[in-house]
Amino acid sequence: MRIAIILRKLTVSGGIQRHVLSLASKYRALGHEATVYTRTGAAETSYPEFARRIPVVSLHERRPVSGRLSRLLADRRAADELAGRIDPATEVLNPHDAFSCLVAKRFKRRHPRTPAVFTMHDIPTAAWALRRDSTQNRRVATHRRVLAWCRDRFLTRPTVSAQDRIVVLSEQDRVEVRSVFGRDAALVRNGIDLAAFSFQERRPPEREDVRLLTVGVWLPYRGFEDAVQATRILTSAGYRATLAIVGDARADPAYYRRVSSAVRSAGLRSAVTFIGTCSDAELLTRYRESHVFLFPSVLQSWGLTVFEAMATGLPAIVSKGAGAAEVLRDGQTARIVPPQDPAAIAAAVSGLVDDPARWQALSRAGRAFVEANLSWARTAEAMLALFREAVGN
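Remember, it's a predicted structure, so these values are computed and weren't measured experimentally.

Q: Would you mind showing me how to read the sheet that holds strand E13 (residues 335–337) here?
A: Each strand in a sheet pairs with another by means of backbone hydrogen bonds, the pair being arranged parallel or else antiparallel. Taken together, the six strands give an open sheet; going across it, the order is E10-E9-E8-E11-E12-E13, and neighbouring strands pair in parallel fashion. Edge positions in the open sheet fall to strand E10 (272–276) and E13, since each of these has one partner strand only. On average, adjacent strands in this sheet sit at an angle of 25° to one another, irrespective of strand direction. Across two bridges, the pairing between strand E8 (residues 210–215) and strand E11 (residues 292–295) is parallel. Directly across from leucine 213, in E11, lies its bridge partner phenylalanine 293. Relative to the sheet, helix H9 (residues 253–265) contacts strand E9 (241–246) and E10, its axis offset from that of E10 by approximately 155°.

The following block contains the structure:
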């Protein structure tokens, strides 16, 4: 099968980029012709280990566009250009964000029999983005709500409606898709590379050395400030806790500055480290050298790094605001805490530190869960079945 996988950018090392490149690699290993199409970037600038295995067609746009109308027009031009680069013999389109849905829609105008199966990593509406903003105690002005309604009504909804199938990563997103778009979505969980994120036994933490880790592209819904405040609470309670934040801060420099300010205000400059991006080998070392993984995200569809951490044997504390929490059982495979609750995060950490047997049990149970339930091979087979169904229809 000839598959065109489309996404906006390959310039960061995020979950969407890993998902796209991992599945493209798996499709090609199974004998399919999978090509990645993107507006900017390349595999080398995202996950270099995939660079030689996957063909990528990129517009290589570099210059940022300012102003809403200018960005909107630039999106339309780029979508038309990228759609024109897609092989006309493509049998199925697989867009991964709102921009790539527009690319698929443009391609389908010329090739109406080619189905598009949209993998929705996040709800793509402007209203959803404002809802996320409201969780950050940001006041949302009336004019922004009006603009969001107009954008969704006249741009986002028609573009998503042009897709033949929608695939989501979590049940919470399936419910949202039904509510927002009036569509039924297929549920396909993310995979993981079990060989790359291998298990390693380690010593439980002690009060004198508690190494916390969180990983993700810097965006406000990540809740990094909650991880910082949890570290402050633990420090005040007598734990010698440190926090490492791994992720690309270029996505939202303002959010990076806000978290940096929170670190300074909490007096934690020597306890909190910003790592930036790192290779998979470096990330594996971080997972193995840490004691507890924190995932305090709010309104996030999944959480791939949760399962990478668990696969290595690192116990995870996961916010109920993340789709990953749907498949985990509190106290058995991970600790589940309310969103935006640093005190609950700190309590969950201290509970694991003070009970080494419980920490050890979660370490092993987390790996066992991932082994039994998640793999890119399983995700690829589920997606290929949907592709075949779409082509057949």
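Anyway, onward from the coordinates.
Q: I'm lost on the nonpolar core in this one. Help?
A: With 58 residues, the main nonpolar core has Tyr27, Phe293, Val306, Phe307 and Val318 as its most contacted residues. Sort the elements by how many residues they give to this core and helix H14 (residues 376–392) lands first, with seven residues. Phenylalanine 307 has contacts with Ile192, Trp302, Ala324, Val327, Leu328, Phe369, Val370 and Leu374, leaving out every residue within four places of it along the chain. Leu234, Val272, Val349 and Val353 belong to the second-largest nonpolar core, a separate cluster that totals 31 residues.

Q: What is the right way to look at the pattern of salt bridges in this model?
A: Here the idea is simple: oppositely charged side chains can pair when their charged atoms come close. Overall, the coordinates contain 23 salt bridges when judged by the stated rule. Between arginine 18 and aspartate 280 there is a salt bridge, with the nearest N and O atoms lying 2.6 Å from each other. Separated by 262 residues along the polypeptide, arginine 18 in helix H1 (residues 15–29) and aspartate 280 in helix H10 (residues 280–289) bring together distant segments of the chain. With respect to burial, arginine 18 and aspartate 280 carry one shared label: buried. Note that aspartate 354 is salt-bridged to arginine 207, the shortest N-O span being 3.8 Å. With aspartate 354 in the loop between helix H12 (342–353) and helix H13 (356–373) and arginine 207 in the loop between strand E7 (186–187) and E8, this residue pair connects regions lying 147 residues apart in the sequence. Look at aspartate 354 and you get partly exposed, because its relative accessible area is 46%. Because the salt bridges share partners, they merge into one network encompassing Arg2, Glu33 and Asp87.

Q: So what exactly am I meant to see when it comes to the packing of helix H8 (residues 224–236) against H9 here?
A: The description of two packed helices rests on the angle between their axes and on the distance between the axes. Following both chains from N to C, one finds H8 and H9 inclined at 10°, their axes separated by 10 Å at the closest point. On the basis of their axis angle, the class for H8 and H9 is roughly parallel. Contacts between H8 and H9 involve Phe224, Glu225, Val228 and Gln229 from the first element and Tyr255, Arg258, Val259, Ala262 and Val263 from the second. Its residues assigned to classes, the contact of H8 with H9 comprises six nonpolar, one polar and two charged.

Analysis parameters
- Residues numbered from 1 in each chain as written.
- Predicted model: local features only at pLDDT ≥ 70, side-chain atom pairs only at ≥ 80, totals over all residues.
- Heavy atoms only, no water.
- Pairing = 2+ DSSP bridges.
- Helix = DSSP H or I, 4+ residues; strand = E, 2+ residues; numbered from the N terminus.
- Axes fitted to C-alpha atoms, helices over the stretch in contact; angles between N-to-C directions.
- Contact = heavy atoms within 4.5 Å.
- Core = buried A, V, L, I, M, F, W, Y, C linked by side-chain atoms within 4.5 Å.
- Buried < 20%, exposed > 50% of the residue type's maximum accessible area, 1.4 Å probe, protein only.
- Salt bridge = Lys/Arg side-chain N within 4 Å of Asp/Glu carboxyl O.
- Parallel < 35°, antiparallel > 145°, perpendicular 65-115°, else oblique.
- Nonpolar A, V, L, I, M, F, W, Y, C, P; charged D, E, K, R; others polar.

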